[in-house]
Amino acid sequence: MKVIFIGPPGSGKGTQAKRLAAEHAIPHISTGDMLREAIADGSDVGKKAAPIMSAGALVPDDLMIDIIRNRLAKADARKGFILDGFPRTVVQAEKLDGIVGNGTEKLRVLQLLVPDEAIVKRIALRRSCPQCGAIYHLENQPPANDNVCDRDGAELMARPDDTEPAVRKRLEAFHRQTMPVAAFYKSKSWLREVDGVGPVDQVFERIEQSLV
Ligand code: AP5
């Protein structure tokens, strides 16, 4: 199974992609998570990406394409993968075609539909675990104990790019640069639109149904 998640910031890509990957025992490849790891490691990629990310803009295509090419070359991605956050521009989508497009199994592209009004509210109350990457929401998916991860007890954090101005910028980048990616896949008939509003379990069910 080769799946791409497309959706605005806060639409639930990470939440749903992690679950789908666990269910199908294939890697969840999140370019946002990979960049945040690079920043935490203090690598050159991290140093380049950090100011761009906190401003809510997109990291340059050539850097992202190298990252994804190297990641998809690893053995665990041979039997399938869930891409979360890539491709985000038509240039990235065209390059991805060159990397995996000639395989026997076609890419399936899921677009999560969530209106902009819902996004800012979701993101304001998001917290994530800096150790394991688990995603919480203080109202919709709260941790069992105040502000600590259910899995490893680490203190939960808000992301530095989750400020309101950065979220508005990320939404603008989504509409301007990533919506054309949805159109690119629609023209190939690979796109499936999924309503991303409602309880997490219900959205997951819709995703599973759209993959049948
Ligand atoms: P990335 O990490 O990919 O961020 P994003 O696309 O902005 O998406 P988010 O992680 O904010 O949201 P999500 O859709 O995963 O939602 P989540 O499941 O957390 O990218 C960050 C940055 O990295 C980019 O801005 C860019 O700078 C850079 N970057 C990454 N990839 C790049 C690329 N390919 N090219 C260039 N630059 C790149 O859910 C959000 C909240 O809602 C959570 O609190 C969750 O609990 C809650 N929630 C989830 N589902 C529901 C539901 N059904 N109902 C209510 N609440 C829900």
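This text goes with the structure placed above it.
A brief structural summary.

What counts and how
Residues numbered from 1 in each chain as written. Predicted model: local features only at pLDDT ≥ 70, side-chain atom pairs only at ≥ 80, totals over all residues. Heavy atoms only, no water. Helix = DSSP H or I, 4+ residues; strand = E, 2+ residues; numbered from the N terminus. Buried < 20%, exposed > 50% of the residue type's maximum accessible area, 1.4 Å probe, protein only. Contact = heavy atoms within 4.5 Å. Arc of directions from axis to C-beta. 1 Å grid on protein atoms, 1.4 Å probe; cavity = no way out; pocket = protein on both sides within 12 Å on 5 of 7 lines; lining within 4 Å. Points joined across faces, edges and corners; volume = space filled by probe spheres on them. Nonpolar A, V, L, I, M, F, W, Y, C, P; charged D, E, K, R; others polar. Salt bridge = Lys/Arg side-chain N within 4 Å of Asp/Glu carboxyl O.

This next bit is on the side chain of Arg71. Mapped onto the fold, Arg71 is located in helix H4 (residues 61–72). When its relative accessible area of 16% is taken as the criterion, Arg71 is described as buried. Ignoring sequence-local partners within four residues, the contact set of Arg71 consists of Pro27, Ile29, Met34, Asp76 and Ala77.

Residues Gln92, Ala93, Leu96, Asp97 and Val100 constitute the buried set of helix H5 (residues 90–100). All buried residues of H5 lie within an arc of 145 degrees about the axis, which places them on one face of the element. On its buried side, H5 packs onto strand S1 (2–6), H4, strand S3 (81–84) and helix H7 (164–186).

Now for the layout of surface pockets. Within this model, the second largest pocket holds a volume of roughly 260 Å³. Along its surface, the second largest pocket is lined by Thr15, Lys18, Arg19, Ala134, Ile135, Tyr136, Gln141, Pro142, Arg151 and Val200. Elements that contribute at least two residues to the lining of the second largest pocket include exactly helix H1 (13–24) and strand S6 (135–137). Sorting elements by how many residues they give to the lining of the second largest pocket places H1 first, with three residues. The residue inventory of the lining of the second largest pocket, partitioned by class, reads five nonpolar, two polar and three charged.

Summed over all chains, the structure comprises 14 salt bridges. A salt bridge links Lys18 to Asp33, with the shortest nitrogen-to-oxygen separation between them at 3.7 Å. Of this pair, Lys18 sits in helix H1 while Asp33 sits in helix H2 (residues 31–41), placing them 15 residues apart in sequence. Overall, the relative accessible area of 26% leaves Asp33 in the partly exposed class. Among the salt bridges present, the one from Asp76 reaches Arg71, with a minimum N-O distance of 2.8 Å. Connected through shared salt-bridge partners, Arg126, Arg159, Asp161, Asp162 and Arg170 make up one network.

Note that all results are geometric; they support no functional claim without further evidence.
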